[in-house]
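Secondary and tertiary structure notes
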Amino acid sequence: MEVHHHAHTARKKWTHYFWEFLMLFLAVFCGFLAEYKLEQTIERHREKEFIISMFEDAATDTSNINTVIKDNLKRAVYLDSLASFCYQYQNKPGESTRMYHLVKNTLYRPDLLYPTDRTLYQLKNAAGMRLIRKKSSTNSIIEYDNSGKQVLNQQVYYENYLNDLSDAALELIDFPELWSGTYSPTGSYVNAKLISNDPHSLLKMGNLAKIFQGVIRQYVNRLNEMKAQAIQLSTVLKTDYHID
């Protein structure tokens with residue numbers, strides 16, 4: 001009866017397993033480092049895109065703010081004249097024409113600012129703020145956002161008093177005549193007449209014009225504050241991220 005002897009293979013030393021484990025660990029670790037580096041590169045690229053976009057938005061807002069301030073300062077002058085005119089109205093020849101001219105220049109479309117929020121929206125709703133590494137830039141963006149909210153808040157009062165003044169004018173002004181094309185290009189309204197010269201209605205419109213003027217003055221203050229924040233933000237972003 002034959003007896004078969006099993007061949008014995010030499011057992012691997014513990015050092016062999018150690019090196020296998022080490023090589024596997026290094027392969028996994030290097031893969032992790034490569035993925036982490038790629039993710040960091042992508043985030044730095046997104047960060048720079050956000051910063052440049054924010055810088056452009058601030059520049060756009062600054063330009064728009066200048067226009068809105070100019071238009072509202074002009075409206076405030078007309079409101080002051082309208083208030084004084086209502087208080088002193090005596091139904092003399094030519095006064096109705098003057099009244100229509102003043103009302104026309106105070107009740108036309110509101111001159112409001114609509115902040116460019118494309119970048120802020122992404123930063124706040126896509127967890128983009130975490131990408132901004134520079135604390136000074138983060139703080140400036142937050143302060144700029146807050147100044148924009150204050151402007152929008154003041155606009156609520158602006159629109160409310162504009163509507164109130166329009167309602168008061170309904171008691172005195174013939175609106176079809178006001179918006180018709182029968183007046184001269186300069187808005188002289190030679191043949192325009194008031195539908196009423198009731199002193200109470202005149203006093204009401206004068207008071208609303210005066211209040212609305214104050215609201216606009218405060219609105220201009222908010223716009224100037226936002227403009228200062230926009231300039232500050234642009235300066236900080238240029239310094240932190242070396243924007244040309």
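Higher on the page you've got the structure.
So, here is what we can say about the structure in this document.

Rules used in this analysis
Chains are numbered independently. Their residues run from 1 in the order of the written sequence. Confidence filtering applies because this is a predicted model: local features only for residues at pLDDT of at least 70, side-chain atom pairs given and counted only at 80 or more, and all residues used for totals across whole chains, interfaces and linings. Excluded from the side-chain calculations are hydrogens and water; all other atoms, namely the structure's heavy atoms, are used. Put simply, DSSP marks the helices as runs of H or I at least four residues long and the strands as runs of E at least two long, and each gets a number from the N terminus on. The cut-offs for exposure are 20% and 50% of the maximum accessible area for each residue type, with area from a 1.4 Å probe on protein chains only; residues under the lower value are buried, those over the upper are exposed, and the others partly exposed. Note on areas: Shrake-Rupley, 1.4 Å probe, and residue coverage restricted to the protein chains presented here. The definition of a polar contact used here is a pair of N or O atoms within 3.5 Å, where within protein one atom must be able to donate a hydrogen and the other to accept one, and adjacent residues in sequence count solely through side-chain atom pairs. Contacts are assigned to residue pairs that have any heavy atoms within 4.5 Å of one another. Note on definitions: the grid is 1 Å and covers protein atoms alone; a cavity is a set of points where a 1.4 Å probe fits but cannot get out; a pocket is an open set with protein on both sides within 12 Å along at least five of seven lines; lining residues have an atom within 4 Å of a point. Grid points are joined across faces, edges and corners, and a volume is the space filled by probe spheres set on the points. Think of a salt bridge as a Lys or Arg side-chain nitrogen and an Asp or Glu carboxyl oxygen that are within 4 Å of each other. Here, nonpolar core refers to any group of buried Ala, Val, Leu, Ile, Met, Phe, Trp, Tyr and Cys residues whose side-chain atoms link them within 4.5 Å. Side-chain rings of Phe, Tyr and Trp (the six-membered ring for Trp) are treated as a pair once their centres are within 6.5 Å; stacked means planes under 30 degrees apart, edge-to-face means over 60, and tilted covers the remaining angles.

The next subject is the overall build of the protein chain. On a plain count of helices and strands, the protein chain comes out with six helices and zero strands. The linear arrangement of helices and strands in the protein chain, starting from the amino end, is α-α-α-α-α-α. Burial status across the protein chain gives 37% buried among its 244 residues. As displayed, the protein chain has an accessible area near 15200 Å², and 57% of this comes from carbon and sulfur atoms.

Before going further, it helps to examine the side chain of Gln155. One can find Gln155 in helix α4 (residues 135–169). Looking at Gln155, its side chain comes within polar contact range of the side chain of Tyr219, at 2.6 Å. If we ignore the near neighbours within four places in the chain, the residues touching Gln155 are Leu112, Leu113 and Tyr219.

There is about 190 Å³ of room inside the largest pocket. Lining the largest pocket we find 13 residues, and of these Pro115, Asp117, Leu120, Asp145 and Leu152 sit closest to its centre. Of all elements in the fold, only α3 (118–125) and α4 reach the threshold of two or more residues within the lining of the largest pocket. Among the elements that line the lining of the largest pocket, the one with the most residues is α4, at five residues.

As a further point, take the pattern of salt bridges. Here the structure, examined in full by the defined rule, presents nine salt bridges. A salt bridge links Arg109 to Asp111; its shortest N-O distance comes to 3.2 Å. Taking relative accessible area as the criterion, Arg109 reaches 55% and is therefore assigned exposed. Judged by its relative accessible area of 6%, Asp111 falls in the buried class.

Glancing now at unusual backbone geometry. In this structure, Asn91 is a non-glycine residue whose phi angle is positive, near 60°. Take Asn91: it is sitting in the loop between α1 (14–88) and α2 (95–107). Phi is positive for His242, close to 55°, though the residue is something other than glycine. Exposure remark for His242: the relative accessible area of 65% places this residue in the exposed category.

A word on the side chain of Asp57. Relative to the elements of secondary structure, Asp57 occurs in helix α1. Asp57 sits in the buried class, given a relative accessible area of 1%. Within the structure, Asp57 has its side chain in polar contact with the side chain of Arg118 (distance 2.5 Å). Here Asp57 is in contact with Thr116, Arg118, Thr119 and Tyr144, once residues within four sequence places are set aside.

Right, let's talk about the nonpolar core for a bit. One recurring pattern in soluble globular proteins is that nonpolar side chains are buried together. Ranked by size, the top nonpolar core spans 57 residues in total, and within it Leu82, Met99, Val103, Leu165, Ile173 and Met205 carry the most contacts. Within the residue set of this core, elements represented by two or more residues are α1, α2, α3, α4, α5 (175–179) and α6 (199–241). In this view, Met99 contacts Leu82, Phe85, Cys86, Tyr89, Ile173, Leu194, Leu202 and Met205; residues no more than four positions away in its chain are not counted.

What follows covers the packing of aromatic side chains. Enumeration over the complete set of coordinates arrives at five aromatic pairs. When the ring of Tyr158 is compared with that of Phe212, the centres are 5.3 Å apart and the planes differ by 90°; the resulting orientation is edge-to-face. Highlighted residues: Tyr158 in helix α4 and Phe212 in helix α6, separated in sequence by 54 residues. On the basis of relative accessible area, Tyr158 is assigned to the buried category, the value being 0%.

Structurally, the position occupied by Val151 is in helix α4. Accessibility expressed as a relative area gives 0% for Val151, which makes it buried. Residues Val151 and Asn224 lie 73 residues apart in sequence; the distance between their C-alpha atoms is 9.7 Å. Each residue touching Val151, except ones within four places of it in the same chain, is listed here: Leu113, Tyr219, Arg222, Leu223 and Met226.

Quick look at the environment of Arg75 now. Position of Arg75 relative to the elements: it lies in helix α1. Given a relative accessible area of 0%, Arg75 falls into the buried group. The spatial distance from the C-alpha of Arg75 to the C-alpha of Asn105 is 6.8 Å, given a sequence separation of 30 residues. Residue contacts for Arg75: discarding those within four places in its chain leaves Asn105, Thr106, Leu107, Tyr108, Arg109, Pro110, Asp111, Tyr158, Leu162, Phe212 and Ile216.

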